[in-house]
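# Structural description and commentary
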Amino acid sequence: MKWNLQMPKRSLLIISALAIVAIGAYLSSSKPAEFTSYINIPIAEKHRGVCWVGGSQQIDSIDINRVASLGVNWISQTPFGWQSGHDNPSISGMHQTGERGWWGERDEGLITTTELARAKGIKTILKPHIWLRDEGGKWRGEIAMKTEEDWQKWFSDYEQFILHYAKLAEAAKMEMLCIGTELHQTCVQREADWRALIKKIRAVYSGQLTYAANFADEYEEVSFWDELDFIGIQAYFPITDSHEPKIEDLNKSWDNHLSTLEKFSNKYKKPVLFTEIGYKSTKNAGITPWEWPQHVNMQERKALYSEENQAVLYESMMQKVMTAPFIAGIHIWKWFPKYEARQARARQRNENYIDIDFTPQGKTAEEVMGKWFRKFQ
């Protein structure tokens, strides 16, 4: 893939303006947040990560070189298991070792991507994920069984699912395994089952472990953090009520969230890792960060689009989150291999296509990310 590294004048002006605003806000802020943490992770050792999208096509070193040039030192990779119904105990579509599924989500693709990343000094989190198809609109945080028999079946299937990837992570020397993502009710209702499962995972995998809990209530209700190495949080915290937030207000909002997270980190004496964090390139990105872009027409996309808003949200995230001593780092949602080809196909369908998705690629936010990640190396 050939990358165009020349930036449009508009992006340069945006970055310059952001830099001036950021420096002014930093210098004029009344007092930085004070932390009394048990954990103090050196900035250079923190995760400067992206959530790598496992695509349909095989990747090569060129795809990895781009993130390496931005200072990225971790990626997360996500293979899927499929569940039909929030109270259906069966998990299917596992162990994609043949031609089924996208290349980047199959075992072959996971291993190849890990090896290409390692060649550039980039580490890997393997983050298996349950994709729930529920006719009633339930999401995976509401997965819960109705009978003891169904609970035993669900955990049996999930054990088969996660132990496969634990063994794969061990064989491929992946540095971290995320044992689950946003399975709130299973954690609350079946703590003993999770603790038993963690022991089985530890028996076959020697790397670091985390679990990815939702930012809203779940991370505080998970009780088995003592068994893991990191408190993982899907960090889509609302940090503004404005369509044009000021960086000093965003920073104050982060101070409030980080103060709460610090207390939780101290409770377990564990570092907090943001297993996902990100913002759409829209005007409401900081108000409801957890919302996926809606299926809207091009006129509505144009009205929603705000590259500047996404960039200032990234600026505040880098200034405040990455410098908190107990934060182990971040994984930005999300990063597509072959992104330019993806965009070209979208513009073939509609020449006025505007990408309001979470990715920072090709937007001012990518430059903000690279500026800070390289600074933190």
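Structure: see above.
Residues numbered from 1 in each chain as written. Predicted model: local features only at pLDDT ≥ 70, side-chain atom pairs only at ≥ 80, totals over all residues. Heavy atoms only, no water.

## Overview of the overall build of the chain
Each helix and strand in the chain was counted, giving twelve helices and ten strands. Looking at the 377 residues of the chain, the share that counts as buried comes to 56%. Long-range contacts, defined as pairs at least 24 residues apart, comprise 80% of the intrachain contacts of the chain with a sequence gap of at least 6. Accessible surface for the chain amounts to roughly 17,000 Å². Of this, 50% is attributable to carbon and sulfur atoms. (Helix = DSSP H or I, 4+ residues; strand = E, 2+ residues; numbered from the N terminus. Buried < 20%, exposed > 50% of the residue type's maximum accessible area, 1.4 Å probe, protein only. Contact = heavy atoms within 4.5 Å. Areas by Shrake-Rupley, 256 points an atom, 1.4 Å probe, with all protein chains shown as cover.)

## Side note on the pattern of salt bridges
In this structure the tally under the stated criterion is 20 salt bridges. A salt bridge links Asp 355 to Lys 363, with the shortest nitrogen-to-oxygen separation between them at 3.9 Å. As far as the burial class goes, Asp 355 and Lys 363 line up, both buried. In this structure, a network of salt bridges that share partners links the residues Glu 191, Arg 195, Lys 199, Asp 226 and Glu 227. (Salt bridge = Lys/Arg side-chain N within 4 Å of Asp/Glu carboxyl O.)

## Remarks on the environment of Phe 215
With respect to the helices and strands, Phe 215 occurs in the loop between β7 (208–214) and α7 (218–221). Owing to a relative accessible area of 12%, Phe 215 belongs among the buried residues under this scheme. Placed 21 residues apart in sequence, Phe 215 and Tyr 236 show a C-alpha to C-alpha distance of 6.3 Å. Leaving out residues up to four positions away in the same chain, Phe 215 has contacts with Ile 233, Gln 234, Ala 235, Tyr 236, Phe 237, Pro 238 and Trp 290.

## Looking at helix α2 (residues 61–69)
Quick reminder: α-helices carry 3.6 residues per turn. Residues three or four places apart thus point the same way. Among all positions of α2, only Asp 63, Ile 64, Arg 66 and Val 67 are buried. Along the axis of α2, the buried residues cluster in a sector spanning 150°; they form a single face. A distance of 3.0 Å separates the backbone nitrogen of Ile 62 from a side-chain oxygen at the start of α2, and that oxygen is part of Asp 60. Looking at the residues trailing α2, positive phi occurs at Gly 71, about 90°. (Arc of directions from axis to C-beta. Polar contact = N/O pair within 3.5 Å; in protein donor to acceptor, adjacent residues only side chain to side chain.)

## Some details on the pairing of β7
A large share of β7 lies buried, amounting to six of its seven residues. Where strand β6 (residues 176–181) and β7 come together, four bridges link them in parallel fashion. Paired with Cys 178 across the bridge in β7 is Thr 210. For β7 and strand β8 (residues 230–234), the ladder comprises five bridges, and the chain directions are parallel. The partner of Ala 212 across the bridge, within β8, is Gly 232. (Pairing = 2+ DSSP bridges.)

## Side note on the packing of helix α4 (residues 148–171) against helix α6 (residues 191–204)
In contact at an axis separation of 9 Å, α4 and α6 are set at 25° when each is read in the N-to-C sense. Classified by the angle their axes make, α4 and α6 are roughly parallel. The two elements α4 and α6 meet at a crossing, and its hand is right-handed. Every residue of α6 that contacts α4 at Phe 155, Tyr 158, Glu 159, Ile 162, Leu 163, Ala 166, Lys 167 and Glu 170 is listed here: Asp 193, Trp 194, Leu 197, Lys 200, Ile 201 and Val 204. For the contact of α4 with α6, the class distribution of residues is nine nonpolar, no polar and five charged. (Axes fitted to C-alpha atoms, helices over the stretch in contact; angles between N-to-C directions. Parallel < 35°, antiparallel > 145°, perpendicular 65-115°, else oblique. Left-handed = near helix turned anticlockwise from the far one by under 90°. Nonpolar A, V, L, I, M, F, W, Y, C, P; charged D, E, K, R; others polar.)

## Overview of the environment of Ala 216
Among the structural elements, Ala 216 can be located in the loop between β7 and α7. On the accessibility criterion, Ala 216 (36% relative accessible area) is partly exposed.

## With respect to α4
With 24 residues, α4 should cover 34 Å at 1.5 Å per step; its first-to-last C-alpha distance of 34 Å lies within 8% of that length. Backbone geometry just after α4 places Lys 173 at a positive phi near 60°. (Expected span 1.5 Å × (residues − 1).)

## What about the packing of aromatic side chains?
For the structure on display, the rule yields 29 aromatic pairs. Here the aromatic rings of Tyr 219 and Phe 264 are separated by 5.0 Å at their centres, their planes lie at 90°, and the arrangement is edge-to-face. Of this pair, Tyr 219 sits in helix α7 while Phe 264 sits in helix α8 (residues 247–268); the two residues are 45 residues apart in sequence, bridging distant segments of the chain. The residues Tyr 219 and Phe 264 share a single accessibility class, namely buried. Here the aromatic residues Trp 151, Trp 154, Phe 155, Tyr 158, Phe 161, Tyr 165, Trp 194, Tyr 211, Phe 224 and Trp 225 are joined through ring pairs into a cluster of three or more. A cation over a ring is seen here: Lys 269 above Tyr 38, with NZ or CZ 4.4 Å from the ring centre. (Phe/Tyr/Trp six-rings, centres within 6.5 Å; stacked < 30°, edge-to-face > 60°. Lys NZ or Arg CZ within 6 Å of the ring centre and 35° of its normal.)

## Topic: the sheet that holds strand β2 (residues 74–77)
Spatially, β1-β2-β4-β6-β7-β8-β9-β10 is the arrangement adopted by the eight strands of the closed barrel, whose pairing is parallel. When strand polarity is set aside, the average angle formed by the axes of neighbouring strands in this sheet is 25°. Running at roughly 160° to strand β10 (residues 327–335), helix α10 (residues 307–320) makes contact with β9 (272–277) and β10 of the sheet. In the packing of helix α12 (residues 364–375) onto the sheet, contacts are made with β1 (47–52) and β10, and the angle to β10 comes to roughly 150°.

## Observations regarding the nonpolar core
With 101 residues, the main nonpolar core has Tyr 211 and Phe 274 as its most contacted residues. In terms of residue count, α4 provides more of this core than any other element does, eleven residues in total. Here Phe 274 is in contact with Ile 233, Ala 235, Phe 237, Trp 254, Leu 261, Val 321, Ile 327, Gly 329, Ile 330 and His 331, once residues within four sequence places are set aside. (Core = buried A, V, L, I, M, F, W, Y, C linked by side-chain atoms within 4.5 Å.)

## Thoughts on unusual backbone geometry
The amide bond that connects Trp 333 to the next residue, Lys 334, takes the cis arrangement and shows omega of 5°. Mapped onto the fold, Lys 334 is located in strand β10. Look at Lys 173: it is not a glycine, yet its phi comes out positive at around 60°. For Lys 173, the location among the structural elements is in the loop between α4 and β6.

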